[in-house]
Amino acid sequence: QVQLVESGGGMVQPGGSLRLSCALSGSIFSIYAMGWYRQAPGKQRDLVAAITSGGSSNYADSVKGRFTIFRDNTKNTVYLQMNSLKPEDTAVYYCNARWTDSGSVEYSYWGQGTQVTVSS
């Protein structure tokens, strides 16, 4: 059973930094594309950043230049480094792991979420 466990959320002042971590267990981490999503109260869950199994990354326009996604396959972990945080970054952040097998069946798993609050 694949499990994703997130950590690193919390409260920070505007302009501050946080690093989120997401550890995968129960499968081979390196085959998965990993993503970070966020959901603010009353809003839909949106993609923040994603990284492929090969290491290519993409970002939402709102976080480009401030957030960095990276992965460590030796630790089965994906990270989201968040700098220059703004109040509008406040949300629950979710980790996602996604893999498509040779039969085009997609497997997608979610973490439990971690709260990030940016406030003075």
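Right above here is the structure, for reference.
Here the residue index of a chain counts from 1 through its sequence in written order. The predicted origin of the model limits local features to residues at a pLDDT of at least 70 and limits the giving and counting of side-chain atom pairs to 80 or more, whereas totals for whole chains, interfaces and linings rest on all residues. Water and hydrogen atoms play no part in the side-chain values, which are based on all heavy atoms of the structure.

Draft legend 1. Inspection of unusual backbone geometry at higher detail. The backbone of asparagine 76 shows a phi angle near 55°, a positive value even though the residue is not glycine. Strands here mean DSSP runs of E at least two residues long; helices mean DSSP runs of H or I at least four residues long; both are numbered from the N terminus. With respect to the helices and strands, asparagine 76 occurs in the loop between β7 (67-72) and β8 (77-82).

Draft legend 2. Representation of the pairing of strand β1 (residues 3-7). Only protein chains enter the area calculation, which uses a 1.4 Å probe; residues under 20% of their type maximum are buried, those over 50% are exposed, and those in between are partly exposed. Side chains of β1 alternate between two faces, with Leu4 and Glu6 buried and Gln3, Val5 and Ser7 left unburied. As paired strands, β1 and strand β3 (residues 18-25) are joined by 5 bridges and run antiparallel to one another. Residue pairing for β3: glutamine 3 is matched across the bridge by serine 25. Strand pairing requires that DSSP identify at least two bridges connecting the strands.

Draft legend 3. Quick look at the packing of aromatic side chains. Ring geometry is summarised as follows: Phe, Tyr and Trp rings, the Trp one being its six-membered ring, pair when their centres sit within 6.5 Å, and such pairs are stacked at plane angles under 30 degrees, edge-to-face over 60 and tilted between the two. This model, assessed by the stated rule, comprises 5 aromatic pairs. Where tyrosine 37 meets tryptophan 110, the ring centres are 4.9 Å apart and the plane angle is 65°; that geometry is what we call edge-to-face. With tyrosine 37 in strand β4 (residues 33-39) and tryptophan 110 in strand β10 (residues 106-110), this residue pair connects regions lying 73 residues apart in the sequence. By relative accessible area, which is 39% here, tryptophan 110 ends up partly exposed. Each member of the aromatic cluster is reached from another via a ring pair, and the members are Tyr32, Trp99, Tyr107 and Tyr109. Two thresholds decide whether a charge sits over a ring: the Lys NZ or Arg CZ must be within 6 Å of the ring centre and within 35 degrees of the ring normal. Against the face of tryptophan 110 rests arginine 45, its NZ or CZ located 4.7 Å from the ring centre.

From the geometry alone we can't say anything about function, so treat these as descriptive.
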